[in-house]
Every structure is written in structure tokens, then in C-alpha cells.
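Inside the fold
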Amino acid sequence: MNENATRDSASMNPRLIISIAWIATILSSLQGDTYRLSDPSALQATIANSGSVTVTSDLLLIMAIIFAIPILLCVLTMILKYTIMRWLNRITSIFFGLFHAGYLVSILVFWKSAGYEIVWAAMGLMLSIAVIGYAWKLPKTEI
């Protein structure tokens, strides 16, 4: 096998790794929503607004902000000064890790959720943990 084809993550740009992890995090959330829209009972509950959570315009605004942050971080990770990027990713990845953990616990304990929701919530949590790990392993100065 070609030596260049077997690059490990240690030799890759850490900014790129974190940015890709943020992309994967948002894609897993969006994929979970896509599955939910394909589930007839979940779709009917959404249309009737009779699910376990009542959808309001305020809730949609909050969710829009939550979804926008990882998308924004994909870009900010690549363009911000290193020290600012490092701390921003540390802080926001902890927030999203707690958010995903809370969501996973809530669908396991409080809501009657389909298996696909558990899979995508667990995926979001694992990817958040990956961002936390990479953000905390970043050295104080850019290499």
C-alpha cells in the first residue's frame, strides 16, 4: 500500500479533523430528522403538534440556533486565530456533548422513541465526544 494512502490522524491538520467532526455531528442530527419525517406516526404527531414536545415558534428559533452553531464552527475552526479557535471548540463541544447526552437520556427514559432516534442521538453524542477529545488535545500553539 502507498505510504501516503495510510496517513494517520496524528499527521492530519487538527483544524481539518475538528471541522469534519462538526460536519458529521450536524449531518447525524439532520439524518435523524430525515428518518423522523419518514416515520408515519412521528410525522402525524408533528403535523398535529401532539408529540411529547409542543412545537412553537420560540422552540424552532432555539433549535435553529442550536443547528447553526456546528455549521458555523466548521468555518470558524478553519479561519479563526488558533488560540480563539481552540477555546471556542473546547467550550462549544462540551455544550454539545451535554446537549446530546441530555437528549439521549430523555429519549431513553422519558419519551417513547423509535430505535432510529436512539441510533442518531448516540451518533451525535459520540461525535461530540470526538470533538471534545480533539479540542482538548490541541497544543497551546499551532504546529
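Before going into details, it helps to say that this report is about the structure given with it. Throughout this document, residue positions are counted from 1 along each chain, in the order its sequence is written. Per-residue local features are limited, in this predicted model, to residues with pLDDT of at least 70; the limit for side-chain atom pairs, both in listing and counting, is 80 or more; totals at the level of whole chains, interfaces and linings are taken over all residues. The side-chain figures draw on all heavy atoms in the structure; neither hydrogens nor water molecules are used.

**Notes on the packing of aromatic side chains**
Short version of the rule: Note on aromatic contacts: the rings of Phe and Tyr and the six-membered ring of Trp form a pair at centre separations within 6.5 Å, being stacked when their planes are under 30 degrees apart, edge-to-face when over 60 apart, and tilted otherwise. Starting at the N terminus, helices and strands are each numbered in turn, a helix being any DSSP run of H or I of at least four residues and a strand any DSSP run of E of at least two. The classification of residues rests on relative accessible area computed with a 1.4 Å probe and restricted to protein chains. Under 20% of the type maximum is buried, over 50% is exposed, and intermediate values are partly exposed. For a Lys NZ or an Arg CZ to count as sitting over a ring, it must be within 6 Å of the ring centre and within 35 degrees of the ring normal.
Under the criterion given, the structure shown has five aromatic pairs. A ring pair is formed by Phe95 and Phe99, whose centres lie 6.4 Å apart and whose planes are at 20°; its orientation type is stacked. Here the residue Phe95 and the residue Phe99 both occupy positions in helix H4 (residues 82-109), the gap between them amounting to four residues, near one helical turn. Residue Phe99 is classed as partly exposed on the basis of its relative accessible area, which comes to 28%. One aromatic cluster is present, built from ring pairs that chain together Trp22, Phe95, Phe96 and Phe99. When the ring centre of Trp87 is taken as reference, the NZ or CZ atom of Arg90 above it lies at 4.7 Å. Taking NZ or CZ as reference, Lys137 lies 5.0 Å from the ring centre of Tyr134, over its face.

**Section: the pattern of salt bridges**
Selection rule: What counts as a salt bridge is simple: a side-chain nitrogen of Lys or Arg found within 4 Å of a carboxyl oxygen of Asp or Glu.
Summed over the entire model, instances satisfying the criterion amount to one salt bridge. Put simply, Arg15 and Glu142 hold a salt bridge, and the shortest N to O gap is 2.9 Å. Pair noted here: Arg15 is in helix H1 (residues 14-38) and Glu142 is in the segment after helix H5 (115-137), with a separation of 127 residues, a long-range link. Residue classification places Arg15 among the buried positions, given a relative accessible area of 8%.

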